[in-house]
Amino acid sequence: MKATGTFLQSPVSKTLLAAALALISTASFAQAGTKLKIGLMLPYSGTYASLGNAIENGFKLYLAEQGGKIAGREVEIVKVDDESDPSKATDNVNKLIKRDNVDVLIGSVHSGVAMAMAKVAKDSGTLLIVPNAGADAVTGAMCAPNIFRSSFSNWQPGYAMGEVMAKKGIKKAVTITWKYAAGDETVRGFKEAFEKGGGTVVKELSLPFPNVEFQALLTDIASTKPDAVFTFFAGGGAVKFVKDYAAAGLKKTIPLYGSGFLTDGTLDAQGADADGLMTALHYADNLENTKDKAFRLAYAKTYKLQPDVYAVQGYDAGQILGIGMRATNGDASKKADFAKAVEAAKIDSPRGPFSLSKAHNPVQDIYLRQVTAKENRLIGVASKALVDPARGCKM
Ligand code: BEZ
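Attention in this report is confined to the structure presented alongside it.

Rules of the game
Residues numbered from 1 in each chain as written. Predicted model: local features only at pLDDT ≥ 70, side-chain atom pairs only at ≥ 80, totals over all residues. Heavy atoms only, no water. Helix = DSSP H or I, 4+ residues; strand = E, 2+ residues; numbered from the N terminus. Buried < 20%, exposed > 50% of the residue type's maximum accessible area, 1.4 Å probe, protein only. Contact = heavy atoms within 4.5 Å. Lys, Arg positive; Asp, Glu negative; His and termini not counted. Salt bridge = Lys/Arg side-chain N within 4 Å of Asp/Glu carboxyl O. Disulfide = S-S within 2.5 Å. Pairing = 2+ DSSP bridges. Axes fitted to C-alpha atoms, helices over the stretch in contact; angles between N-to-C directions.

Some details on the environment of isoleucine 97
Phase 1 of the analysis: Position of isoleucine 97 among the secondary structure elements: in helix 4 (residues 86-99).
Phase 2 of the analysis: On the basis of relative accessible area, isoleucine 97 is assigned to the buried category, the value being 17%.
Phase 3 of the analysis: Remark: the alpha-carbon pair of isoleucine 97 and serine 124, spanning 27 residues in sequence, is separated by 8.7 Å.
Phase 4 of the analysis: Sequence-distant contacts of isoleucine 97, that is, excluding residues within four places in its chain, are made with Val102, Leu105, Val120, Ser124 and Thr126.

Thoughts on the side chain of aspartate 136
Phase 1 of the analysis: Mapped onto the fold, aspartate 136 is located in the loop between strand 5 (127-130) and strand 6 (147-149).
Phase 2 of the analysis: It is arginine 188 that comes nearest to the buried, bridge-free aspartate 136 among opposite-charge side chains, at 5.2 Å.
Phase 3 of the analysis: Once you skip the residues sitting within four places of it in the chain, aspartate 136 turns out to touch Arg149, Ser153, Asn154, Trp155, Glu185 and Asp388.

What about the state of the cysteines?
Phase 1 of the analysis: Considering all chains together, one arrives at one disulfide under this definition.
Phase 2 of the analysis: In this model cysteine 143 forms its disulfide with cysteine 393; the gap between the sulfur atoms is 2.2 Å. With the S-S dihedral at roughly 90 degrees, the linkage between cysteine 143 and cysteine 393 falls on the right-handed side. Of this pair, cysteine 143 sits in the loop between strand 5 and strand 6 while cysteine 393 is found in the segment after strand 14 (375-386), placing the two residues 250 residues apart along the sequence.

Focus on the sheet that holds strand 1 (residues 36-42)
Phase 1 of the analysis: Taking strand neighbours across the sheet as the criterion, the six strands line up as 2-3-1-4-5-6 in an open arrangement whose pairing is mixed. Single-partner strands in this sheet number two, and they are strand 2 (69-70) and strand 6.
Phase 2 of the analysis: Inspection of the sheet shows strand 4 (residues 104-107) paired to strand 5 by three bridges, in the parallel sense. Looking at strand 5, one finds that leucine 105 is bridged to leucine 128.
Phase 3 of the analysis: Where helix 4 meets the sheet, it contacts strand 1, strand 3 (73-81) and strand 4, and its direction lies at approximately 170 degrees from that of strand 1.

Written out as structure tokens, the structure is:
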């Protein structure tokens, strides 16, 4: 007893002891063969199915680069198809935590589903990394030390495009979107910047998610005759909207702009109807930085597909998990150590390096892109190191 007491009084010895304990705890997780259980809750059916698949691909690419292990631990993935249905989300996430005993949650794509996940994660203290859904509240009023986002807030691309369109001298805009958090908040961000810059939103059109009966709304746009239209749609709905907009003859008369989800992961299906469209997002297809080049090459080799923004966000969810877990020596219960490491990290993303804000949302460049030859080509930076205002976050 006495010897231990004396030993602990020396700062050098304390450090050595801490290091030894850390090694023992890493070794015990690894040696005991306890797998790190990850609950991957994503849409694998419906209008956002391709988004869920791309996120999983990106995440698994990171995992493969780590030899299939995170902080020395083998990984077990438990997958759930959340169907982009918020009414099933609380049950789905509770099953992952209580029945499957996952250590970490990764999900989801749909803002309504992610808000339900964030509520459960906050109440239970489970680590959550959001690899797409932009719900402002996740890193706003619902922010928590154990919740992180590898993607964006809905406000970010909307705000950036509002600034761009106002600077272009566009005066009157109509907005059109799905009526749920992602659409509402993207439009709100757009309107905030566009009206600050001297523009006016003359009409806000919407339809319920995931409806794609756009005809009556397109007729309304034609008769309103704004200078431009701003929109949020994604996945299968974005494909149909871009095609219907062109088929209605509007593409030639009223320029269409969007948050970049309008044309990301959709260009093969949209074909020539997407040519020339300008959007704002935290990724583009020709960034050409070192990390992006390596990522695109590895992704194409592994999946025989070109990556999109969703694949990048899945990969970066993996990077956040890796950074946090290494700092805890593989112990997912050490959430304060996990958070401290992630908060201090500069994440080497294919989108360019980014860090997390105090509320745990990426502080990142939002790029202006234009569709050319089935690529979202970089035109410039719409908004440099844009920080989400994290309204209502107390952390
Ligand atoms: C969302 O619901 O937050 C969302 C869905 C698809 C793309 C972007 C955002």
